[in-house]
Amino acid sequence: MDEYDVLIKDATIVDGTGKKPYEGSIGVKGDRVAAIGEVKGDAVKTVDAKGLTATPGFIDAHSHADWTLLWFPKAESYVMQGVTTFVGGQCGGSPAPLGEHIRVPRMLTDHLPELDPYKYYPRLPYYPLEQVNEWMEEYFGWKLDWDTMDGYFKKVEETGVSMNYAPLVGHGSVRTKVMGLDYKRHSTEEEQAEMREHIHQGMKDGCVGMSAGLDYDPDVFAAHEEIIDGVSVLKDYGGVYCPHWRRTGRRRGIAAGHVPNEKITALMECVDVHKKTGVRLHYAHLSTGWQIYPAAPDELEAANLKATIDMIVKESEGDLDITWDAIPQMTRSGFAVMPYLCSLYAPWLRELGSREAFAKWLKVDDFREEVKDAIRRGKWFIRVGYNPNTNPRWAENIHVLKSRVPGVEGKSIREIAEERGADEWDTWMDIIAEDPDARGVTGQLEPRKWALQYYTHLKGMVGLDTSVFDIEWEMKTPPYAFPGINTFSAFPMFYIKYVRDSSLFTLEEAVQKTSTMAARVHNLEGRGVLKEGAYADIVLMDMPGLKVLGDEIETRRHPEGVKHVFVNGEAVVEKGRHTGVTPGRVLKRV
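What this report covers is the structure whose coordinates are included nearby. Predicted, not measured: the structure shown is a model, and the values here were computed from it. (Residues numbered from 1 in each chain as written. Predicted model: local features only at pLDDT ≥ 70, side-chain atom pairs only at ≥ 80, totals over all residues. Heavy atoms only, no water.)

**Some thoughts on the overall build of the protein**
Helix and strand content of the protein: 17 helices and 23 strands. The C-alpha radius of gyration of the protein comes to 24 Å, within 12% of the 25 Å expected for a compact globule of 590 residues. If one aligns the C-alpha atoms of the protein with their principal axes, the spans along those axes are about 80 × 60 × 50 Å. Scored against the burial criterion, the 590 residues of the protein give a buried share of 62%. Expressed as a percentage of contacts within the protein between residues at least 6 apart in sequence, the contacts between residues at least 24 apart total 75%. One finds the centroid of the 71 positive side-chain charges in the protein at a distance of 2 Å from the centroid of its 89 negative side-chain charges. (Helix = DSSP H or I, 4+ residues; strand = E, 2+ residues; numbered from the N terminus. Rg over C-alpha atoms; globule rule 2.2 N^0.38 Å. Buried < 20%, exposed > 50% of the residue type's maximum accessible area, 1.4 Å probe, protein only. Contact = heavy atoms within 4.5 Å. Lys, Arg positive; Asp, Glu negative; His and termini not counted. Charge placed at Lys NZ, Arg CZ, Asp CG, Glu CD.)

**Side note on helix α14 (residues 424-434)**
In terms of burial, α14 is a largely internal element, eight of the eleven residues being buried. Within α14 the residues assigned to the buried category are E424, W425, T427, W428, M429, I431, I432 and A433. At its buried positions, α14 is contacted by α11 (355-361), α12 (365-376), β16 (398-402) and α13 (413-420). Where α14 begins, one side-chain oxygen reaches toward the backbone nitrogen of W425, 3.0 Å away; that side chain belongs to D423. (Polar contact = N/O pair within 3.5 Å; in protein donor to acceptor, adjacent residues only side chain to side chain.)

**Remarks on the sheet that holds strand β13 (residues 280-283)**
In spatial order, the strands read β6-β7-β10-β11-β12-β13-β14-β18; together these eight strands make up an open sheet with parallel pairing. Of all the strands in the sheet, the pair left with one neighbour each is β6 (58-60) and β18 (460-462). Adjacent strand axes in the sheet meet at a mean angle of 25° when their direction is disregarded. Here strand β14 (residues 322-326) pairs with β18 via three bridges, running parallel. Bridge pairing links D325 to M461 in β18. (Pairing = 2+ DSSP bridges. Axes fitted to C-alpha atoms, helices over the stretch in contact; angles between N-to-C directions.)

**A few points about helix α3 (residues 129-140)**
Helix length check: α3, at twelve residues, gives a terminal C-alpha distance of 15 Å against a target of 16 Å (1.5 Å per residue), a fit within 8%. Packed against the buried residues of α3 are β8 (101-102), α2 (112-115) and β9 (127-128). Once α3 ends, the next one or two residues include G141, with phi positive near 80°. (Expected span 1.5 Å × (residues − 1).)

**Thoughts on the packing of aromatic side chains**
On inspection of all chains with the given rule, the structure shows 29 aromatic pairs. Ring centres of W361 and F367 lie 5.7 Å apart, and the angle between their planes is 50°; on these two criteria the pair is classed as tilted. The structure contains a cluster of three or more aromatic residues connected by ring pairs, namely Y120, Y345, W348, F358, W361, F367, W394, W425 and W428. Here R355 stacks its cationic end above the ring of Y340, 3.9 Å away from the centre of that ring. A cation over a ring is seen here: R355 above Y480, with NZ or CZ 4.9 Å from the ring centre. (Phe/Tyr/Trp six-rings, centres within 6.5 Å; stacked < 30°, edge-to-face > 60°. Lys NZ or Arg CZ within 6 Å of the ring centre and 35° of its normal.)

**So, the environment of V233**
Mapped onto the secondary structure, V233 falls in the loop between α7 (224-232) and β12 (240-244). According to the relative accessible area criterion, V233 is buried, its value standing at 4%. Distance in space between the C-alpha atoms of V233 and R196 is 6.7 Å, their sequence separation being 37 residues. Filtering out sequence-adjacent residues up to four positions away, V233 remains in contact with R196, I199 and H200.

**Focus on empty space enclosed by the protein**
Taken as a whole, this structure holds two cavities of 30 Å³ or more when the rule is applied. Reported here for the largest cavity is a volume of approximately 50 Å³. What lines the largest cavity is simply D66, W67, T68, L69, L70, W71, P105, L144, W146 and Y152. The residue makeup of the lining of the largest cavity, split by class, is eight nonpolar, one polar and one charged. As a volume, the second largest cavity reaches approximately 30 Å³. Residue lining of the second largest cavity: H171, Q192, M195, R196, I199, E226, D229 and G230, and that is the complete set. (1 Å grid on protein atoms, 1.4 Å probe; cavity = no way out; pocket = protein on both sides within 12 Å on 5 of 7 lines; lining within 4 Å. Points joined across faces, edges and corners; volume = space filled by probe spheres on them. Nonpolar A, V, L, I, M, F, W, Y, C, P; charged D, E, K, R; others polar.)

Written out as structure tokens, the structure reads:
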């Protein structure tokens, strides 16, 4: 009889325990690492790993993949870059509990303008579950046929997925279950008691903690006391609280003159929840506590972030009681792709039916002013970084990637406006009017070096804030978006930029950021490390050969150099190709 199912021979092993890399082999039996280091014996399958680096499977500490996983169960965008586990149910939104009204699932939203036409926002924030299921049956041939997190877990297991899913229960989903459409107010004591029961149920079903989405409906209307009340339930289960904190305020009705939240106050509000409940606090996509205008030099922003971190960890009493994830800002197209300069004008694209029609109407002064006025009055929300209502330097954060308009490629709207001696907003619209297919990207031109503090601090780790897709998906309706480059390449890019091509992290330090810390924070026993008895979630990378093939125009390409990926002992990626197997599991609280 063979001693091992898989023998990975002669790898450079970075095991996640803090040891320096060492040469050795890994014997896998079933779903576990049976031996590591100097390993002898026969195996059903032998992988020659000479020249490859073996690490624990990467863990995305902040993901929305639970809302697309049933559509993309092979999880290509994740596993092809070495991610073997994601922590889902973020920003207050989990797939359960389901009530009479629910948020329209991500993959159905592309059809909603046809099913229930709208201009700015859907007619309802939440639709009747019965109606959603009629649409689901029509477009996808299946329904949301679960009520609880346990029911959703069974659906995932029946479908079969290629990666692991560590679930959070979403406070927003719980609030919607209890309050339905009547959520724009504080909850009553009776409603809070009902919410506690649903949170208890989610934790008993196996959730590892709870998230909240305090910038989003319905959590944005929750009183601080309501959040404390809900989080207190987690104490009985050793759960973790993962808030999307009150960073921007409600993302509706943001008119000219809007005063944004004081971010440091919002961050300290979460510390107060931690102190009053004793529940572990893990911030979702941490950012600086103060907004500095005009745009500050790197030295000032570095001090801003350091002061923020110092404040939130001031009363920390251990490695894991207060932690955070941050979205890697290694390229401007990391988070999502616009992809057209006109994509941010989605309401008018929907109304007029095409980019060409919108461009034609932008040549009409009255129409142009109507569009500006609607945005100024807050009828349509553009993200804070490039919203003319909220950021005086918004035009620095929109760049033209590709256009048939002469002389604009590679420049920001501000730069083009200065060259033309024109108004920035009119310049943006002028380029669209001249070229409705002009490609654009939002974000700063160069990655921010001061932001590396998110990761160099012992309590920080990587969280992508993305979902799972294949390389073909894109929205067929405005804003025609498709996933950013992080969705396909963030983890290899992290190793390329911060380990191989610089000295920011050693290999063993990088593994803490991409695997080990997320497993420890979320109590994922046996994950994030390679040692005897641990689960065999393993990545084999060709470090010299790691290469990101996606770019700002086309992000949807898998990276090179991720040679083999094992999930629970089975090869999901072999010689750089997805094998089609689905050994992923729901990682329930134990």
